[in-house]
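# Chains, contacts and geometry: an overview
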Amino acid sequence: MRAFTQHQGIVAPLDLANVDTDMIIPKQFLKSIKRTGFGKNLFDELRYEDEGQPDQECTGRPLREDFVLNQAKYAGSSVLLARRNFGCGSSREHAPWALDDYGFRVVIAPSFADIFFNNCFKNGLLPIQLSEENVEQLFQEVANEDGYALSIDLEAQTVTTQSGTSFSFDVDDFRKHCLLNGLDDIGLTLQDQDAIKSYEAERQQSAPWLFVNKG
Amino acid sequence: MSTKTLYDKLWDQHLVKQRDDGSALIYIDLQLLHEVTSPQAFEGLRMANRKPWRISGNLATPDHNVPTTKNERREGVNGIADPVSKIQVVTLDENCDEFGITEFNMMDERQGIVHVVGPEQGATLPGMTVVCGDSHTSTHGAFGALAHGIGTSEVEHVLATQCLVQKKNKNMLVRVDGELSPYVSAKDVVLAIIGEIGTAGGTGYVIEFGGTGIQSLSMEGRMTVCNMAIEAGARVGLIAVDQTTIDYVEGRPYAPKGEQWDQAVEAWKDLVSDEGAHFDNVVVLKAEDIKPQVTWGTSPEMVIAIDQAIPRSEDQTDPVLKEGYARAWKYMGLEGKSVLADITLDRVFIGSCTNSRIEDLRIAAEVVKGRQVAESLKQAIVVPGSGLVKAQAEAEGLDEIFTQAGLEWREPGCSMCLAMNADKLGNGEHCASTSNRNFEGRQGFGGRTHLVSPAMAAAAAIAGHFVDVNELVKH
């Protein structure tokens, strides 16, 4: 996994609550058997006026001009700002894959759905939870300033505005460690394979019905 | 000894290692696999030159992409018209072959929606940890199993290690006290709960559902309730084990037999929250207050009872809610409408991992029996949850009741719940659906979904618009 340490980038304000993963990447694109190539279909239904198809070339499709990612001033944005309960619904990891593939490295919102939040960390994408008030303040600042950017420091756990205001955020120690170092957590878990084996051996004795062969 | 919730017990029983940083290694007893969220996980295994940790800890079946018409199904995977869908289903077949994982493929009668198949086979057992790359894995919590959806990276992690790195959640109890009214089902109960606590109300929690209103439900009903825990933001829904659970599991193909059965039942009896166990949050609903529910908007929390007026944006005080309601009104095309009956329906869908089990089909058949689907409807389809549910329904003659009433009887799969196959809504069409999500575009580009119970969907199919099923069956 790609490591995340510090990042500075332009902010795209998506002023919507309860953004679900169907919205982030609609179902027809989940038919891919790859992890990449989802960026052009990120927010497909919000972004384009027509119905997108898998493997379709997207340049030339009619755009919804009012959608944030279609506005010139947010071109090249890599920090997504949104409202509460971001990433709710389906567990599809295609959602963080699409955000990452588009170029986002950070998503900031007042709250996130659990599965999406967890999936982000597996893909070098940092979800940051700030208070409703702080998020509201950021929305106002973005609206007033073209090219508005934020600096994110994972080690220090801070989000800093260009004027120097800093907000701190929480992150689990384990997730932070993995993200900072770009660690493959399967490899980490396998360091505990003796513990897994002894757990299994004990359970096979105490609850043998859990180990039935599914022929 | 301190008292524990059911979740505390399940957590403790599966704890392989508590790490210093607060994370924990949790053992996974069963992983269910389907074609959409597994190909990249298998690919990851191959690239790292890893093997599955325990092959028998996995069970696979294709469900999301499979066509539901007889013609396409007749030739199995070769009959899938959509080439992209076909690749995904073929990939699952190949991966299961390569790694030796048991799969119920498209030609197997046991094929169906993973969350119907697991319990039906007794692959899901009380006290297990169950995961799947699908958020509706919460369904299996109906058996007192700790079950939740995961992303594809974690599917790969479970394949490789049979474990997950987790942090413990908080405990929430949602109690439904009293007795449910006629034609008020598990679906109405869970929609009412979501209406009460909101789609993020359960975020960070494991929700245990309890009270007489829950205990009186069949296993099918309990699965419906737990299935939609994720729609309240909770990855896990749980219901304590009782005699109803044990009776359902007994005799299923993968359920323990003989001496092991007795031993298992003894262990399962402890799968309840201890008297006085601590919950971080408790929500209580009165069963008698719950009426048939219908969603009007684009989030499962946008739900009302059949006799309520559709709430308006201008009446909301919270600015985020105000904005959300305005957007939902526009998307759903509600201008000029005030009650649910004002909405003209285009399609009706009875199916999905929420409501495609035999009991769901029985009640829908009871409502449509001897009646005719409204002429104004473009389509009404019934999609059983598995090949075995289909066979059972046909043995009971339900298929004939549906077709005589003008509904289509289909082959098993996820179908119109998420429209990855050919079953979908057209732009602007309204659908009464027994599925679980009414998000924008969920059932098709521009489609408008209204979530309801099977009885309410059946009643809507007859009337052509929403109607209290109790009123319909009177006539």
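See the structure above.
What you see is a predicted model, and the numbers here were worked out from it, not measured in a lab.

### Comments concerning the interface of chain B and chain A
Taken together, the contact between chain B and chain A spans 83 residues of the former and 65 residues of the latter. Where chain B abuts chain A, roughly 6100 Å² becomes buried across the two surfaces, and 57% of that area is made up of carbon and sulfur atoms. On the chain B side of the contact with chain A, Gln40, Trp53 and Phe445 of chain B bury the most area, a combined 12% of that side's loss. Linking chain B with chain A are ten salt bridges, by the criterion used here. Here Glu154 of chain B ties to Lys122 of chain A by a salt bridge, and the two come within 3.7 Å at their closest N and O atoms. Linking chain B to chain A there are 34 residue pairs in polar contact (both at pLDDT 80 or more). Broken down by element, the side of chain B that touches chain A gets its largest block of residues, seven residues, from helix H6 (residues 152-161) of chain B. Of the residues that constitute the side of chain B that touches chain A, the class distribution is 31 nonpolar, 32 polar and 20 charged.

### Points about helix H4 (residues 83-99) of chain B
All names here are of chain B. Here H4 is 17 residues long and its end C-alpha atoms lie 24 Å apart, about the 24 Å a rise of 1.5 Å per residue gives. All of the buried residues in H4 are Ser85, Gln88, Val89, Thr91, Leu92, Asp93, Asn95, Cys96 and Phe99. Buried residues in H4 make contact with helix H2 (39-47) and strand S4 (58-60). Capping the start of H4 is the job of one residue whose side-chain oxygen sits 2.9 Å from the backbone nitrogen of Val84: Asp82. A positive backbone phi angle near 75° is found at Gly100, which sits one or two residues after H4.

### Section: the layout of surface pockets
Approximately 770 Å³ is the volume found for the second largest pocket. For the second largest pocket, the lining is made up of 22 residues, of which Leu46 and Arg64 of chain A together with Arg327, Lys330 and Glu440 of chain B are closest to its centre. Looking at the lining of the second largest pocket, the elements with two or more residues in it are strand S1 (6-14), helix H1 (21-24) and helix H2 (44-47) of chain A together with helix H12 (319-332) of chain B. With four residues, H12 of chain B is the single largest residue contributor to the lining of the second largest pocket. Looking at the lining of the second largest pocket residue by residue, the class counts come to nine nonpolar, three polar and ten charged.

### As for the packing of helix H13 (residues 358-368) of chain B against helix H15 (residues 398-405) of chain B
Residue and element names in this part refer to chain B. Between H13 and H15, the least distance of the axes is 9 Å, while the angle of their chain directions is 40°. When the axis of H13 is compared with that of H15, the two are oblique. For the pair H13 and H15, the crossing hand works out as left-handed. Contacts from Ile358, Leu361, Arg362, Ala364, Ala365 and Val368 in H13 reach Leu398, Ile401, Phe402 and Ala405 in H15. Of the residues in the contact of H13 with H15, the class split is nine nonpolar, no polar and one charged.

What counts, and where the lines are drawn
- Residues numbered from 1 in each chain as written.
- Chains lettered and ligands numbered in written order.
- Predicted model: local features only at pLDDT ≥ 70, side-chain atom pairs only at ≥ 80, totals over all residues.
- Heavy atoms only, no water.
- Contact = heavy atoms within 4.5 Å.
- Buried area = accessible area lost by both parts, 1.4 Å probe.
- Salt bridge = Lys/Arg side-chain N within 4 Å of Asp/Glu carboxyl O.
- Polar contact = N/O pair within 3.5 Å; in protein donor to acceptor, adjacent residues only side chain to side chain.
- Helix = DSSP H or I, 4+ residues; strand = E, 2+ residues; numbered from the N terminus.
- Nonpolar A, V, L, I, M, F, W, Y, C, P; charged D, E, K, R; others polar.
- Expected span 1.5 Å × (residues − 1).
- Buried < 20%, exposed > 50% of the residue type's maximum accessible area, 1.4 Å probe, protein only.
- 1 Å grid on protein atoms, 1.4 Å probe; cavity = no way out; pocket = protein on both sides within 12 Å on 5 of 7 lines; lining within 4 Å.
- Points joined across faces, edges and corners; volume = space filled by probe spheres on them.
- Axes fitted to C-alpha atoms, helices over the stretch in contact; angles between N-to-C directions.
- Parallel < 35°, antiparallel > 145°, perpendicular 65-115°, else oblique.
- Left-handed = near helix turned anticlockwise from the far one by under 90°.

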